[in-house]
Amino acid sequence: MSSPHVFTTGLHHRSSPQVFTLLGLHFVSTPVSTRLSVVVFTTATMFRSSVNFQGMKQLTFGLTLVRHGETRYNKEGLLQGQAIDCPLSEIGLQQAEAAGRYLKDVKFSNVFVSDMQRAQQTAEAILKRSSWCSGLQMVCEPLLKEKSFGTAEGGRVQDFREMAKAAGQSVLSFTAPEGETQEQVKERVKEFLEKMLLHIGADHWDDLGEDEADLSAPQQTPPAEGMADDGVRGVPVHALVVTHGAYMCVAVRYFVEELGCSLPQGSDKAHAFSLSPNTGICRFLLTMRKEDDRFKLAEMCCVFVHRGDHVKQ
């Protein structure tokens, strides 16, 4: 792994524009007051860069994804999807309680949850344990529901695997008759992300002062393994999203392959794109900007993926 690189530049008022190059990008300094600050950590770990020209603001916030706890169908190796809205099993309730204990001191400003029972029960258990989230509104979002497995729902996962193998596809990419394709699930992920940025912006954008570069944490160092608040210490805006296994697989792949989200040190794509365990936790840092009255994602990095040690404690 390469060592961290830090670039520092000072801009001075001049009578004519000056052109300079930094990190492969060309910038022009003018007599107008212009500020530029760039801090780059090793690309294999977390990084944060901030470019702030006059009038430009940005907001960095945390995003924590949690898969629901175990259900009877999970335990028996059966597919649920969308048609089967099964509650958590006794073990699933214990897992949700464990996730709540693990996250109890982590502050969330927004909560989004799938409209399916197993996800809502998991979110309720987490919020019940929280030291910070008393009275926080939980937004039930149909865009977060599990992938539809069509005619395979209610059947054995092993039978679904054999169907995928016969079709020459992986389990995660295979589409059963009448089920959702990966592309269709990805479109739901994209739509939710846009909706979440709008919601976060509406709730928190006005908290930015006119002269503030961003509302975020101080520059982050690589996360300490196992700390519940890794990556979000000092971050005032933090969204909790409780959803489903196959949906999370599609979401993480979309973040990495299409949005350029960096993975944490020690994580490869095979691990990142795998199925998260019940109540498994993934965390990201997102930076958004407002352009033409729309909130747009500017940057994204992953803090950790599929953390599940809390259920073993």
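To start, this report covers the structure provided alongside it. (Residues numbered from 1 in each chain as written. Predicted model: local features only at pLDDT ≥ 70, side-chain atom pairs only at ≥ 80, totals over all residues. Heavy atoms only, no water.)

Some thoughts on the overall build of the protein
Part 1: Secondary structure summary: the protein contains 7 helices and 9 strands in total.
Part 2: The buried share among the 313 residues of the protein stands at 49%.
Part 3: Of all intrachain contacts in the protein linking residues separated by at least 6 positions in sequence, the fraction that spans at least 24 positions is 74%.
Part 4: Of the roughly 15300 Å² of accessible surface on the protein, 50% is carried by carbon and sulfur atoms. (Helix = DSSP H or I, 4+ residues; strand = E, 2+ residues; numbered from the N terminus. Buried < 20%, exposed > 50% of the residue type's maximum accessible area, 1.4 Å probe, protein only. Contact = heavy atoms within 4.5 Å. Areas by Shrake-Rupley, 256 points an atom, 1.4 Å probe, with all protein chains shown as cover.)

Brief notes about the pattern of salt bridges
Part 1: Evaluation of the coordinates by the stated rule reveals 15 salt bridges.
Part 2: Taking the shortest distance from any N to any O, the salt bridge between Lys-190 and Glu-187 comes out at 3.4 Å. Taken together, the positions of Lys-190 and Glu-187, both in helix 5 (residues 182-204) and 3 residues apart, correspond to about one turn of that helix.
Part 3: Using a relative accessible area of 38% as the deciding quantity, one classes Glu-187 as partly exposed.
Part 4: With a shortest N-O distance of 3.1 Å, Arg-307 and Asp-230 are connected by a salt bridge. With Arg-307 in strand 9 (residues 294-307) and Asp-230 in the loop between strand 6 (214-215) and strand 7 (238-243), the pair connects residues that are 77 residues apart, well separated along the chain.
Part 5: Asp-230 gets classed as buried once you look at its relative accessible area, which sits at 0%.
Part 6: Salt bridges sharing partners connect three or more residues here, namely Asp-229, Asp-230, Arg-233 and Arg-307. (Salt bridge = Lys/Arg side-chain N within 4 Å of Asp/Glu carboxyl O.)

Some thoughts on helix 5
Part 1: Between its first and last C-alpha, helix 5 extends 32 Å over 23 residues, near the 33 Å set by a 1.5 Å rise per residue.
Part 2: Buried within helix 5 are the following residues: Val-185, Lys-186, Arg-188, Val-189, Phe-192, Leu-193, Met-196, Leu-197, Ile-200, Gly-201 and His-204. (Expected span 1.5 Å × (residues − 1).)

Notes on the packing of helix 5 against helix 6 (residues 245-257)
Part 1: Helix 6 packs onto helix 5 with a crossing angle of 70 degrees between their chain directions and a minimal axis gap of 9 Å. Accordingly, the angle class assigned to the pair helix 5 and helix 6 is roughly perpendicular. Taken together, the residues of helix 6 that come into contact with helix 5 (itself represented by Gln-182, Val-185, Lys-186, Arg-188, Val-189, Lys-190, Phe-192 and Leu-193) are Tyr-247, Val-250, Ala-251, Tyr-254 and Phe-255.
Part 2: Here the residues of the contact of helix 5 with helix 6 sort into 9 nonpolar, 1 polar and 3 charged. (Axes fitted to C-alpha atoms, helices over the stretch in contact; angles between N-to-C directions. Parallel < 35°, antiparallel > 145°, perpendicular 65-115°, else oblique. Nonpolar A, V, L, I, M, F, W, Y, C, P; charged D, E, K, R; others polar.)

Some thoughts on the side chain of Thr-279
Part 1: Residue position: Thr-279 is located in the loop between helix 7 (269-272) and strand 8 (281-291).
Part 2: Thr-279 sits in the buried class, given a relative accessible area of 0%.
Part 3: In contact with Thr-279, not counting residues within four places along its chain, are Val-66, Arg-67, His-68, Gly-69, Gln-95, Ala-96, Ala-99, Thr-122, Arg-307, His-310 and Val-311.

Here we look at the packing of aromatic side chains
Part 1: Counting across every chain of the model gives 6 aromatic pairs.
Part 2: One aromatic cluster is present, built from ring pairs that chain together Phe-149, Phe-160 and Phe-174.
Part 3: When the ring centre of Phe-304 is taken as reference, the NZ or CZ atom of Arg-307 above it lies at 3.7 Å. (Phe/Tyr/Trp six-rings, centres within 6.5 Å; stacked < 30°, edge-to-face > 60°. Lys NZ or Arg CZ within 6 Å of the ring centre and 35° of its normal.)

Side note on the nonpolar core
Part 1: If you look at the biggest cluster of nonpolar residues, it comprises 39 residues, and the most contacted ones within it are Phe-61, Leu-63, Met-196, Phe-255 and Phe-284.
Part 2: Elements that contribute at least two residues to this core include exactly strand 3 (58-67), helix 5, strand 7, helix 6, strand 8 and strand 9.
Part 3: When residues of this core are assigned to their parent elements, the largest contribution, 8 residues, is made by helix 6.
Part 4: Here Phe-255 is in contact with Leu-63, Leu-65, Val-189, Leu-193, Gly-260, Cys-261, Phe-284 and Met-300, once residues within four sequence places are set aside.
Part 5: Formed by 23 residues, the second largest nonpolar core is a distinct cluster that contains Ala-99, Val-111, Leu-127 and Cys-301. (Core = buried A, V, L, I, M, F, W, Y, C linked by side-chain atoms within 4.5 Å.)

Some words on helix 6
Side chains of residues three or four places apart in an α-helix project in the same direction, reflecting 3.6 residues per turn.
Part 1: When the terminal C-alpha atoms of helix 6 are compared, their 18 Å separation across 13 residues agrees well with the 18 Å that a helix rising 1.5 Å per residue should span.
Part 2: Of all the 13 residues making up helix 6, 11 are buried; the element is thus mostly covered by neighbouring parts of the structure.
Part 3: Within the span of helix 6, buried status applies to Gly-245, Ala-246, Tyr-247, Met-248, Cys-249, Val-250, Ala-251, Val-252, Tyr-254, Phe-255 and Val-256.
Part 4: For helix 6, the elements touching its buried residues are strand 3, helix 5, strand 7, helix 7, strand 8 and strand 9.

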